[in-house]
Amino acid sequence: MKLIFERSVPGHGCSVLPECDVPTVIPEGFCRQSRPRLPQISENDLSRHYTELAKQTHGVNDGFYPLGSCTMKYNPKINERAAALPGFTGVHPLQPEEDAQGCLEVMHRMETMLCGITGMDAMSLQPAAGAHGEFTGLLLIKAYHKSRGDERRTKIIVPDSAHGTNPASAAMAGFSIVNVPSAADGCVDLNALQTAVGEDTAGLMLTNPNTVGLFDKNILQITDIVHKAGGLCYYDGANLNAVMDIARPGDMGFDCMHLNLHKTFSTPHGGGGPGSGPCGCKDFLAPFLPGPRIVRNETAYCMEYQNTSVGSVKAFYGNFLVVVKALSYLCMLGREGVREASCNAVLNANYMMHGLSDLYDMAFDETCMHEFVMSLEKLKHDTGVSALDAAKAMLDYGIHPPTMYFPLIVHEALMVEPTETESRETLDEAIAIYREIFQKAHENPDALHHTPAHTPIGRPDEVAAARKPVIRYDYEAVLSEND
Ligand SMILES: *Cc1c(COP(=O)(O)O)cnc(C)c1O
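The structure displayed is predicted, hence computed values, not measured ones.

### Quick notes on the packing of helix α6 (residues 130-147) against helix α7 (residues 165-172)
Next, step 1: Here α6 crosses α7 at 45 degrees, and the two axes come no closer than 9 Å. Classified by the angle between their axes, α6 and α7 sit oblique to one another. At the point where α6 passes α7, the crossing takes the right-handed sense. Residues Ala131, Glu134, Phe135 and Leu138 of α6 touch α7, and the partners they reach there are Thr165, Asn166, Ser169, Ala170 and Met172.
Next, step 2: Taken together, the residues of the contact of α6 with α7 break down into 5 nonpolar, 3 polar and 1 charged.

### A word on unusual backbone geometry
Next, step 1: In this structure, the amide linkage connecting asparagine 208 to the following residue, proline 209, adopts the cis form with an omega of -15 degrees.
Next, step 2: Locating proline 209 in the fold gives a position in the loop between β4 (201-207) and α9 (219-228).
Next, step 3: Following threonine 451, the chain continues into proline 452 via a peptide bond in cis, with omega recorded as -5 degrees.
Next, step 4: Relative to the elements of secondary structure, proline 452 occurs in the loop between α15 (445-448) and α16 (462-467).
Next, step 5: Phi is positive for threonine 71, close to 50 degrees, though the residue is something other than glycine.
Next, step 6: Assignment of secondary structure puts threonine 71 in the loop between α2 (43-55) and α3 (77-83).
Next, step 7: Note on threonine 71: relative accessible area 1%, which makes it buried.

### Things to note about the site of the ligand
Next, step 1: Around the ligand there are 14 residues in total, and Gly130, Ala131, Asp236, His262 and Lys263 lie nearest to it.
Next, step 2: Residue histidine 262 places a side-chain N or O atom 2.7 Å away from an oxygen atom belonging to the ligand.
Next, step 3: The side chain of lysine 263 places a nitrogen or oxygen atom 2.7 Å from an oxygen atom of the ligand.
Next, step 4: Out of a free accessible area of 380 Å², the ligand has 85% covered by protein chains.

### Let's talk about the environment of asparagine 79
Next, step 1: The topology assignment puts asparagine 79 in helix α3.
Next, step 2: Residue asparagine 79 is classed as buried on the basis of its relative accessible area of 1%.
Next, step 3: Along the sequence, asparagine 79 and valine 324 sit 245 residues apart, while their C-alpha atoms lie 7.7 Å from each other.
Next, step 4: Leaving out residues up to four positions away in the same chain, asparagine 79 has contacts with Ser266, Lys325, Ser328, Tyr329 and Met332.
Next, step 5: Within the structure, the side chain of asparagine 79 is placed 3.4 Å from the backbone nitrogen of tyrosine 329, a separation counted as a polar contact.

### What to know about the sheet that holds strand β6 (residues 256-259)
Next, step 1: Taken in spatial order, the 7 strands make up an open sheet running β1-β7-β6-β5-β4-β2-β3, and their pairing is mixed. Strands with a single pairing partner mark the edges of an open sheet, and in this sheet they are β1 (122-124) and β3 (176-180). Direction aside, neighbouring strands of the sheet carry axes that sit 25 degrees apart on average.
Next, step 2: Bridge count for strand β5 (residues 232-237) against β6 is 4 bridges, and the pairing is parallel. Residue pairing for β6: glycine 237 is matched across the bridge by leucine 259.
Next, step 3: Seen against the sheet, α9 touches β4 and β5 and runs at an angle of roughly 140 degrees to β5.

### Overview of the nonpolar core
Next, step 1: In terms of nonpolar packing, the biggest core is built from 56 residues, with Met110, Leu193, Leu240, Leu261 and Phe265 touching the most fellow members.
Next, step 2: The element best represented in this core is helix α11 (residues 320-356), accounting for 11 residues.
Next, step 3: Those residues in contact with leucine 240 that lie beyond four places of it in its chain are Ile117, Thr118, Tyr235, Met257, Leu259, Thr264, Phe265 and Ser342.
Next, step 4: Met362, Ala387, Ile431 and Ile433 belong to the second-largest nonpolar core, a separate cluster that totals 30 residues.

### So, the pattern of salt bridges
Should the charged atoms of two oppositely charged side chains come close, the side chains can pair.
Next, step 1: For the structure on display, the rule yields 18 salt bridges.
Next, step 2: Across the salt bridge formed by arginine 7 and glutamate 52, the nearest N and O atoms sit 3.1 Å from each other. Highlighted residues: arginine 7 in helix α1 (residues 4-7) and glutamate 52 in helix α2, separated in sequence by 45 residues.
Next, step 3: Looking at glutamate 52, the relative accessible area reads 28%, which means it is partly exposed.
Next, step 4: A network of salt bridges, in which partner residues are shared, links Asp150, Arg152, Arg153 and Glu199.

### Focus on the side chain of glutamate 134
Next, step 1: Here glutamate 134 is to be found in helix α6.
Next, step 2: Of the side chains with opposite charge, lysine 263 comes closest to the buried, unpaired glutamate 134, at an N-O distance of 7.7 Å.
Next, step 3: Excluding anything up to four places from it in sequence, glutamate 134 contacts Thr165, Asn166, Ser169, Met205, Tyr234, Asp236 and His258.

### A closer look at the pairing of strand β8 (residues 293-296)
Next, step 1: Examined bridge by bridge, β8 and strand β9 (residues 301-304) share 4 bridges and lie antiparallel to one another. Paired with arginine 293 across the strands is glutamate 304, a residue of β9.
Next, step 2: Hairpin connection, β8 to β9: the antiparallel pair is bridged by 4 residues.

### So, the packing of aromatic side chains
Next, step 1: By the definition in use, this model includes 7 aromatic pairs.
Next, step 2: Ring centres 6.4 Å apart and planes at 70 degrees place the aromatic pair phenylalanine 265 and tyrosine 329 in the edge-to-face group. Of this pair, phenylalanine 265 sits in the loop between α10 (261-264) and β7 (279-281) while tyrosine 329 sits in helix α11, placing them 64 residues apart in sequence. Both residues of the pair, phenylalanine 265 and tyrosine 329, belong to the buried class.
Next, step 3: Geometry around phenylalanine 175 places lysine 142 over its ring, the cationic atom sitting 5.6 Å from the centre.
Next, step 4: One cation-aromatic arrangement involves arginine 296 over tyrosine 301; the distance from NZ or CZ to the ring centre is 4.8 Å.

### Brief notes about the environment of serine 15
Next, step 1: Mapped onto the elements, serine 15 comes out in the loop between α1 and α2.
Next, step 2: When its relative accessible area of 61% is taken as the criterion, serine 15 is described as exposed.
Next, step 3: A C-alpha to C-alpha distance of 8.3 Å links serine 15 and glutamate 43, two positions 28 residues apart in sequence.

Calculation rules
Residues numbered from 1 in each chain as written. Predicted model: local features only at pLDDT ≥ 70, side-chain atom pairs only at ≥ 80, totals over all residues. Heavy atoms only, no water. Axes fitted to C-alpha atoms, helices over the stretch in contact; angles between N-to-C directions. Helix = DSSP H or I, 4+ residues; strand = E, 2+ residues; numbered from the N terminus. Parallel < 35°, antiparallel > 145°, perpendicular 65-115°, else oblique. Left-handed = near helix turned anticlockwise from the far one by under 90°. Contact = heavy atoms within 4.5 Å. Nonpolar A, V, L, I, M, F, W, Y, C, P; charged D, E, K, R; others polar. Buried < 20%, exposed > 50% of the residue type's maximum accessible area, 1.4 Å probe, protein only. Near = heavy atom within 4 Å. Polar contact = N/O pair within 3.5 Å; in protein donor to acceptor, adjacent residues only side chain to side chain. Areas by Shrake-Rupley, 256 points an atom, 1.4 Å probe, with all protein chains shown as cover. Pairing = 2+ DSSP bridges. Core = buried A, V, L, I, M, F, W, Y, C linked by side-chain atoms within 4.5 Å. Salt bridge = Lys/Arg side-chain N within 4 Å of Asp/Glu carboxyl O. Lys, Arg positive; Asp, Glu negative; His and termini not counted. Phe/Tyr/Trp six-rings, centres within 6.5 Å; stacked < 30°, edge-to-face > 60°. Lys NZ or Arg CZ within 6 Å of the ring centre and 35° of its normal.

Here it is as structure tokens:
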């Protein structure tokens, strides 16, 4: 398909800007000398261009999208309506508190609900994503040790089944990382953990359910070991979709955590934002939370700036409209609905795993949480068809592949997270497709090396796309090519 620049025809256009009626304040010398070369295109062609572009992608609204670790569930449109209400979109961050009571109430109610769901005592809605929430939580841990004059604690323990952002966030926060391996059952190796903790342990970060889709059955021992060594426990709650109203990190000994509103609580994601990764903590860490905190006194909501805070991690109050969507979603579900969502997420994953486990090898052949990991190592060995080939083949059936080659601790991994919003019929169709691909791998493996055949793009050079992205239209190159 053509780029918008290639559709441009001089003289075509669809915008009529009003005459400038304010003084031009840009100093002489800073103004551009020539007009920007924006595409010139009629409104009709513009609209067709973007419609065509939209048709080339796959989203939750197009079909099954079981991208493990991402919770690509359906987000009810009504929540977008709530977030589009003029009272929410028109508010200014510097508006006086008394004019923004409704917005403050939204944030305060959200914090209270999230504390209820997680068992934490306080929450900050400021972080803009999961990894950002992790970073914030680690700053709390750092501030806590510092406040006690205990500055030897410079290490964060991260099990190898953690999400990749965990060690990255710990490094960003200035800690060094101690890796602990998983035992054969996919849970943290308790002996290795016991050996890893010590006087230099600042804390542990646990992704639970972990990246192989398992709830760590030794979770209480894990938090106990870390606490006895004087460290704090951080819970990566991005996988909260599996455990809402069933198990609470706060009851399992965790001191702080984050969760992802854009995974679990109804914000479409995948395009790079906006997201929200609230960071919650127990009372003793609350003085360090980023500000401002929203508090309710007898008559009104107000903002409180704490001088013990680690400081702001984002301008103003975070991505407020994501919070509005999440609140709308939670009010709609109610407590029972929240639990049902988690139960169905786990049921759907187990249903699908069960429908495949006679053909595909499961990385861990036991009841999973909201996602499961298959290893195609044997299939590759027997037929030459890799996890990549199988994933690409799915595109020709009009479904999105699962996450590939993650987690790293499983070879030829495909990580499937169906989510609770898929019907049994959709799961049955997907199971049939996965089974057919398995069959094809044995009958005609060569064909699978060349899939997909029916998508706008076949197999892009993924390394070049990541390392040398072309994100700017190069007029000069095109003009000289045309010479
Ligand atoms: C998605 C995810 C994250 C990171 O969240 P972002 O919003 O992408 O920064 C962290 N941990 C786990 C377990 C996740 O699934």
